[in-house]
Amino acid sequence: MSLAVLYSRALNGLAAPLVTVEVHLANGLPSFALVGLPEAEVKESRDRVRAALQTAGFELPPRRITVNLAPADLPKESGRFDLAIAIGILVASGQLKVSRLEQYEFAGELALTGALRPIRGALAMSLATHQAERQFILPTENAAEAALVQDARILPADNLLAVCAHLAELEKLVPYQGTPATVEQSYLDLMDIKGQGQAKRALEIAAAGQHSLLFVGPPGTGKSMLAQRLPGLLPPMRDEEALESAMVQSLGSGGWRSQAWKQRPYRNPHHTASGVALVGGGSDPRPGEISLAHHGVLFLDELPEFDRKVLEVLREPLEAGKITISRAARQADFPARFQLIAAMNPCPCGYFGHPSAQCRCTPDQVSRYRGKLSGPFLDRIDLMMEVPSVPPEQLASMPHGERSDTVRQRVIQAFEVQQQRQSKPNSRLSAPDIEQYCQPDEAGQALLTQATRSLNLSARAYHRILKVARTIADLACRPSVTAADVAEAIQFRRGL
Ligand SMILES: [Zn+2]
């Protein structure tokens, strides 16, 4: 009996657990069995490997071939193992002589022509391969992504023959050397929006403390335009943030794009999106919109139109920064540290409180509409901002306001103050943290006590006001939280 053992990787959340690909050849009637893959995938994989070997001028040995993928209970998509299986057959049958096969890991789907097709999650696999101190042979199209892992040894190949030539030491694969180009930041500018000074102020505070924000206002007031400009106000991505974000993108259906490197993601799923599309899932669990927005912005327009059950699921990631997807016996964690920005109309028709247009809703309809959002969900919103409708004749004479770059400088400065003081943004302060870092001065405390009573604030709302007040003080470079900071923070809770 002849045996070859090769390494590859499965995917499980952001992890890429090792998969051992064992190829046995034995005497007996010719057959080709694959153990460890879902039934439906086995035939396809066999067909691809057989065709690719033949096209490349090799033969499928007329023996009893058994391929075993271990461990057996890992989630596996078949395509990624094609290359390892094909090489394993060649090595076990003596058609390819390789020394030190164990220094490599393989991934890639084979086309019938022997060409290598890109795979999902190359970055997560690359990280794991690098930690295992092996070299990674993979499809050329995945090389740039895999090479985001510093010092990883990436050997890109176009087809099966190129991999064979490398292993036989006839013609070496050229290690990938490129570093990701720093793409010109292409965020939308705040200056494009005329007027709406108060809403822009809310956006700046939200950016500085990474607070969640809800815009309420009639259609056409620029709520979406404002939300789209939040990524451009946030501090530049740190390297580890960029890498995590790229890893999640690489696992999603759209894959990783080099243009997205170091850009804060901005995701705005439609309210008709399924629960799986939003939070992730599927038989081979994939990240949803909330994870694709990791280290970036998740914008939910027309918030009350979203499935209430889905919104309730968002409570966990909003607190913990991650989501656990359970399916049958399997469980996968995806990071989901997104900044939530949401928008809604004030009523079903949209014109409640509008200066000129007439609202057609009954008071009952208005309260039912607002009631679609649960108290516990709204309790997780830090800032609420009414975005008023501005008549066109007034809008013409309104100023453009500041550029995003100018606002961003203040945000970065406030952000650094928070990092130095507590190593996290104000939005993530715990109750004891708030006690320690957000205590207002005497006048501020008096104001807060009075507001708690008159507005009947929950304990959670009370804490949120203090966190927002802390951010307002940080933006103004004030070491202590004053009554003015508290007063402004309370303004952002009216109506919540
Ligand atoms: Zn209405």
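Residues numbered from 1 in each chain as written. Predicted model: local features only at pLDDT ≥ 70, side-chain atom pairs only at ≥ 80, totals over all residues. Heavy atoms only, no water.

Details of the sheet that holds strand E2 (residues 18–26)
- Ordered by their spatial adjacency, 4 strands build an open sheet running E1-E2-E4-E3, and the pairing between neighbours is mixed. Either end of the sheet is taken by a strand with one partner, and the two such strands are strand E1 (2–9) and strand E3 (31–35). The sheet shows a mean angle of 15° between the axes of neighbouring strands, taken without regard to direction.
- Two elements, E2 and strand E4 (residues 64–70), share 7 bridges in a ladder whose sense is antiparallel. (Pairing = 2+ DSSP bridges. Helix = DSSP H or I, 4+ residues; strand = E, 2+ residues; numbered from the N terminus. Axes fitted to C-alpha atoms, helices over the stretch in contact; angles between N-to-C directions.)

Some thoughts on empty space enclosed by the protein
- Under the criterion given, the structure shown has 2 cavities of 30 Å³ or more.
- Counting only elements with at least two residues in the lining of the largest cavity, the list comes to strand E13 (286–287) and strand E16 (330–335).
- Among the residues forming the lining of the largest cavity, the class breakdown is 7 nonpolar, 2 polar and 3 charged.
- Within this model, the second largest cavity holds a volume of roughly 40 Å³.
- Around the second largest cavity, the lining residues are Met 237, Ala 242, Ser 245, Ala 246, Gln 249, Trp 256, Ala 260, Trp 261, Lys 262 and Gln 263.
- Split into classes, the residues belonging to the lining of the second largest cavity amount to 6 nonpolar, 3 polar and 1 charged. (1 Å grid on protein atoms, 1.4 Å probe; cavity = no way out; pocket = protein on both sides within 12 Å on 5 of 7 lines; lining within 4 Å. Points joined across faces, edges and corners; volume = space filled by probe spheres on them. Nonpolar A, V, L, I, M, F, W, Y, C, P; charged D, E, K, R; others polar.)

Comments concerning the domain arrangement of the protein chain
- Its domain assignment divides the protein chain into domain 1 (2–167), domain 2 (190–392 + 399–411) and domain 3 (429–496).
- Between the C-alpha centres of domain 1 and domain 2 the distance comes to 40 Å.
- Around 1600 Å² of area is buried between domain 1 and domain 2 when both sides are counted, 66% of it from carbon and sulfur atoms.
- It is Leu 14, Arg 120 and Leu 148 that lose the most area in domain 1 upon contact with domain 2, and together they represent 42% of the buried surface on that side.
- Our count for the contact surface shared by domain 1 and domain 2 stands at 3 residue pairs in polar contact (both at pLDDT 80 or more).
- When contributions to the side of domain 1 that touches domain 2 are tallied by element, the ones reaching two or more residues are helix H3 (122–131) and helix H4 (143–146).
- Considering only residue class, the side of domain 1 that touches domain 2 consists of 10 nonpolar, 3 polar and 5 charged. (Domains from an automatic or database assignment. Buried area = accessible area lost by both parts, 1.4 Å probe. Polar contact = N/O pair within 3.5 Å; in protein donor to acceptor, adjacent residues only side chain to side chain.)

With respect to the sheet that holds strand E18 (residues 383–386)
- Taking strand neighbours across the sheet as the criterion, the 5 strands line up as E11-E14-E17-E10-E18 in an open arrangement whose pairing is parallel. Each edge of the open sheet carries a strand with a single partner, namely strand E11 (266–267) and E18.
- Pairing geometry for strand E10 (residues 213–216) and strand E17 (residues 339–344), over 4 bridges, is parallel. When the bridges of E17 are listed, Leu 213 appears paired with Ile 341.

Considerations on unusual backbone geometry
- In the segment running from Ala 70 into Pro 71, the intervening peptide bond is cis, with an omega of 0°.
- Topologically, Pro 71 is positioned in the loop between E4 and helix H2 (82–92).
- The backbone of Asp 151 sits at a positive phi, close to 65°, despite the residue not being glycine.
- Summarising the element assignment, Asp 151 is placed in the loop between H4 and strand E9 (154–157).
- Despite not being glycine, Ser 423 has its phi angle at roughly 60°, a positive value.
- By relative accessible area, which is 58% here, Ser 423 ends up exposed. (Buried < 20%, exposed > 50% of the residue type's maximum accessible area, 1.4 Å probe, protein only.)

Focus on the coordination of the zinc ion
- Summarising the metal site, the zinc ion is bound by the protein donors Cys 347 (SG), Cys 349 (SG), Cys 359 (SG) and Cys 361 (SG), whose distances to it range over 2.1 to 2.4 Å.
- One can describe the donor arrangement at the zinc ion as tetrahedral, given that its 4 donor atoms subtend angles of 106 to 111° at the metal.
- Read from N- to C-terminus, the donor residues coordinating the zinc ion fall into the pattern C-x1-C-x9-C-x1-C. With Cys 347 in the loop between E17 and helix H13 (363–371) and Cys 359 in the loop between E17 and H13, this residue pair connects regions lying 12 residues apart in the sequence.
- Taking the relative accessible area as the measure of exposure, Cys 347 reaches 0% and is therefore buried. (Donors = N, O, S within 2.8 Å, 3.2 Å for Na, K, Ca; no water. Tetrahedral: all angles 85-135°; square planar, octahedral: opposite > 155°, others 65-115°.)

Describing the packing of helix H6 (residues 197–209) against helix H19 (residues 459–475)
- It is the contact of H6 with H19, at a shortest axis distance of 9 Å, that shows an interaxial angle of 95°. The angle between H6 and H19 places the two elements in the roughly perpendicular class. Of the residues in H19, those touching H6 at Arg 201, Glu 204, Ile 205, Ala 208 and Gly 209 are Val 468, Thr 471, Ile 472 and Leu 475.
- Each residue belonging to the contact of H6 with H19 can be placed in one class, and the counts come to 5 nonpolar, 2 polar and 2 charged. (Parallel < 35°, antiparallel > 145°, perpendicular 65-115°, else oblique. Contact = heavy atoms within 4.5 Å.)

Considering the nonpolar core
- Formed by 56 residues in total, the largest nonpolar core has its most connected members in Ile 154, Leu 214, Ile 290, Leu 300, Leu 303 and Leu 311.
- Taken together, domain 1 (2–167) and domain 2 (190–392 + 399–411) each give at least three residues to this core, which thus spans both.
- One finds Leu 226, Ala 343, Ala 451 and Val 468 within the second-largest nonpolar core, a separate group that totals 45 residues. (Core = buried A, V, L, I, M, F, W, Y, C linked by side-chain atoms within 4.5 Å.)

So, the layout of surface pockets
- In this structure, the largest pocket occupies an estimated 680 Å³ of space.
- Around the largest pocket, the lining comprises 36 residues; the ones closest to its centre are Gln 210, Leu 318, Arg 337, Ser 427 and Arg 428.
- Counting only elements with at least two residues in the lining of the largest pocket, the list comes to helix H12 (315–320), E17, helix H16 (404–422), helix H17 (431–437) and H19.
- Counting residues per element, the lining of the largest pocket draws most heavily on H19, at 4 residues.
- Each of domain 2 (190–392 + 399–411) and domain 3 (429–496) accounts for three or more of the residues forming the lining of the largest pocket.
- In this structure, the second largest pocket occupies an estimated 440 Å³ of space.
- Looking at the second largest pocket, it is lined by 25 residues, and the ones nearest its centre are Gln 249, Gly 255, Arg 257, Arg 267 and Leu 292.
- Listing elements by their share of the lining of the second largest pocket, those giving two or more residues are helix H8 (239–251), E11, helix H9 (275–279), E13 and helix H10 (289–292).

A closer look at the state of the cysteines
- Summed over all chains, the structure comprises 0 disulfides.
- Of all cysteine sulfurs in the structure, the one in Cys 438 sits closest to Cys 477, which takes part in no disulfide; the separation is 17 Å.
- In this structure Cys 477 comes out as exposed when scored by relative accessible area, which is 54%. (Disulfide = S-S within 2.5 Å.)

As for the environment of Gly 288
- Relative to the elements of secondary structure, Gly 288 occurs in the loop between E13 and H10.
- Sequence spacing of Gly 288 and Ala 199 is 89 residues, and the spatial spacing of their C-alpha atoms is 29 Å.
- When near neighbours in sequence (up to four residues on either side) are disregarded, Gly 288 contacts Val 276, Ala 277, Leu 278, Val 279 and Gly 280.

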